[in-house]
Structure formats: C-alpha cells, structure tokens
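# Residue-level structural notes
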Amino acid sequence: AQTVTQSQPEMSVQEAETVTLSCTYDTSESDYYLFWYKQPPSRQMILVIRQEAYKQQNATENRFSVNFQKAAKSFSLKISDSQLGDAAMYFCASDSGGSNYKLTFGKGTLLTVNP
Amino acid sequence: GAGVSQSPRYKVAKRGQDVALRCDPISGHVSLFWYQQALGQGPEFLTYFQNEAQLDKSGLPSDRFFAERPEGSVSTLKIQRTQQEDSAVYLCASSFQAGVLYEQYFGPGTRLTVT
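Because the structure is predicted, anything quoted here is derived from the model rather than measured. (Residues numbered from 1 in each chain as written. Chains lettered and ligands numbered in written order. Predicted model: local features only at pLDDT ≥ 70, side-chain atom pairs only at ≥ 80, totals over all residues. Heavy atoms only, no water.)

This next bit is on the interface of chain B and chain A. With 29 residues of chain B in contact, the opposing surface of chain A contributes 20 residues. For the pairing of chain B and chain A, the buried interface totals around 2,000 Å² over both sides, and the portion due to carbon and sulfur atoms is 52%. If you look at where chain B meets chain A, you find one salt bridge. The tally of links from chain B across to chain A stands at four residue pairs in polar contact (both at pLDDT 80 or more). Elements supplying a minimum of two residues to the side of chain B that touches chain A: strand S4 (31–37), strand S5 (44–50), strand S9 (88–95) and strand S11 (110–114) of chain B. At three residues, S4 of chain B tops the list of elements feeding residues into the side of chain B that touches chain A. Of the residues that constitute the side of chain B that touches chain A, the class distribution is 15 nonpolar, ten polar and four charged. (Contact = heavy atoms within 4.5 Å. Buried area = accessible area lost by both parts, 1.4 Å probe. Salt bridge = Lys/Arg side-chain N within 4 Å of Asp/Glu carboxyl O. Polar contact = N/O pair within 3.5 Å; in protein donor to acceptor, adjacent residues only side chain to side chain. Helix = DSSP H or I, 4+ residues; strand = E, 2+ residues; numbered from the N terminus. Nonpolar A, V, L, I, M, F, W, Y, C, P; charged D, E, K, R; others polar.)

If you want it as structure tokens, here you go:
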C-alpha cells in the first residue's frame, strides 16, 4: 500500500517570498509519478506540477518547482515569488502504478499568503 | 462548460436515506474516478471506470456504496441507507485516456451532510 505524508498542516508566507511545502511518501513500485495539487476554497482541485520517479531532473512550472529526492522518498514543493492567489490547500499525491492510476493523497497543507 | 461538473453541489440527507450523486466528465474522457474527502483530510479513492467498465472498486467503504457509468459518460455514485460517517465531499475526476500521463481533471465536488 502506498502512503503519502504531509507533516505541515499549515504554512504561511509573505507575498513575494518563497515557501517550501514538505511531502514524504512510501511505495513499493519501481516507477511511479508524484504530484502536487492545489485546492482553493472553491474546492476544485488543480494540478500544479508532477514528477516522474525515474527522471532525476526536478520538475519546474513557472514559479513552482520540486525537490525530488528518491532515496529519501521526499518530494517538496517550492513556490517562489508567492502571490495572494497561491493561498489554498496543497496536496501531495502519488499514483498507484499498475493499470488504474488512482491517486493516493496526503492530508494537505493549508498555505496562507500574507500581503 | 468544458470542465467536470457535479450535481448537486450540496446534499443534506437524513440518516437512512438513499442519495445519488452525479458526475458529468469532460466530453470524450475515457477514465473516470470517484474520491471521498472527509473534513480536514485528503481525497481517498473510491472507484475507477474506463468507459463503462468499472475496473476498480476497491475503495468503496461498504456494500451501501454503488457506482455506475452505463454509457461511458455520466456517472452516478449511489449511497444507500446513509450513515453519519458518510458525510464528506465526494469528488469526481476524469482523464482523456487511461494512464498516469493523462491529467485527472477534478469537479467541484458534492458536499454530503448526513444528519
């Protein structure tokens, strides 16, 4: 069974500053994907960034980047130049491998951005 | 609209009532997922469809939960004899094809409250 752990229930950052959200995971799969999703108060989950486990290069999407450390099973999200619109719940997730691609989510980190 | 839609957005049921939650995936999307998100938790997988075939229902918590997608498009999640522990947000997601490379697009969810 896969598990995803987010140890920070809440984080806050000043506008324009950088913040890092932590995630660790456990899986028996040899190849897998990891994801960060954003869930604003309206509840619609949005994919922020994803990383394939066999790729050593960390994924980057504009102001969002990850620090993927496979041996440590760590997958943190860095948000640079934080904006008020970044305020949301952030969920780390892994796919199950196999043939159904269901996602296993962590409990989430609530990010507050202070003006 | 072009996104995943769910109805109703809010549902209040008395304990013991049956409820039906509807998901309209993005047109042409083959894969459809249902997740349950309890208050303060991350989403948890319930079931997965590829077209009309229910390929994985390992996450359904009891035989009171039933899902269908008879024509490979709209899906309904039915909960019989609702219990208080069924109170949660039920999220639907769809993806263009089966496969982790295809992003799961989430709907806004249905918040079910069982009184």
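Time to look at the pattern of salt bridges. Residues and elements named next belong to chain A. A complete count under the given rule lists six salt bridges over all chains for this structure. Measuring nitrogen to oxygen at the nearest pair gives 3.0 Å for the salt bridge that ties Lys 73 to Asp 26. Highlighted residues: Lys 73 in the loop between strand S8 (64–69) and strand S9 (74–79) and Asp 26 in strand S4 (residues 24–26), separated in sequence by 47 residues. Take Asp 26: its relative accessible area is 39%, and that puts it in the partly exposed class. (Buried < 20%, exposed > 50% of the residue type's maximum accessible area, 1.4 Å probe, protein only.)

Okay, the layout of surface pockets next. Size it by volume and the largest pocket reaches roughly 380 Å³. Elements with a contribution of two residues or more to the lining of the largest pocket: strand S10 (88–95) of chain A together with S9 and S11 of chain B. Among the residues making up the lining of the largest pocket, the classes are represented as eleven nonpolar, six polar and three charged. Considering the residues around the second largest pocket, the lining is formed by 14 residues, among which Arg 50, Gln 51, Glu 52, Ala 59 and Glu 61 of chain A are closest to the centre. Of all the secondary-structure elements, those providing two or more residues to the lining of the second largest pocket are strand S6 (46–52) and strand S7 (60–61) of chain A. Per-element tally for the lining of the second largest pocket: the top contributor is S6 of chain A, with six residues. (1 Å grid on protein atoms, 1.4 Å probe; cavity = no way out; pocket = protein on both sides within 12 Å on 5 of 7 lines; lining within 4 Å. Points joined across faces, edges and corners; volume = space filled by probe spheres on them.)

Residues and elements named next belong to chain B. Taken in spatial order, the four strands of this open sheet run S1-S3-S8-S7, and their pairing is antiparallel. Two strands close off the open sheet at either side, each with one partner strand: strand S1 (5–7) and strand S7 (65–68). Each strand axis lies, on average, 15° off the axis of its neighbour in the sheet, ignoring direction. (Pairing = 2+ DSSP bridges. Axes fitted to C-alpha atoms, helices over the stretch in contact; angles between N-to-C directions.)

All names here are of chain B. Tallying each qualifying case throughout the model produces two disulfides over all chains. Note on cysteine connectivity: Cys 23 is disulfide-linked to Cys 92, with sulfurs 1.8 Å apart. Taking the torsion about the S-S bond as the criterion, the Cys 23 to Cys 92 disulfide, at about -65°, is left-handed. Of this pair, Cys 23 sits in strand S3 (residues 19–24) while Cys 92 sits in strand S9, placing them 69 residues apart in sequence. Judged on exposure class, the residue Cys 23 and its partner Cys 92 are both buried. (Disulfide = S-S within 2.5 Å.)

By themselves, these figures tell us nothing about what the structure is for.
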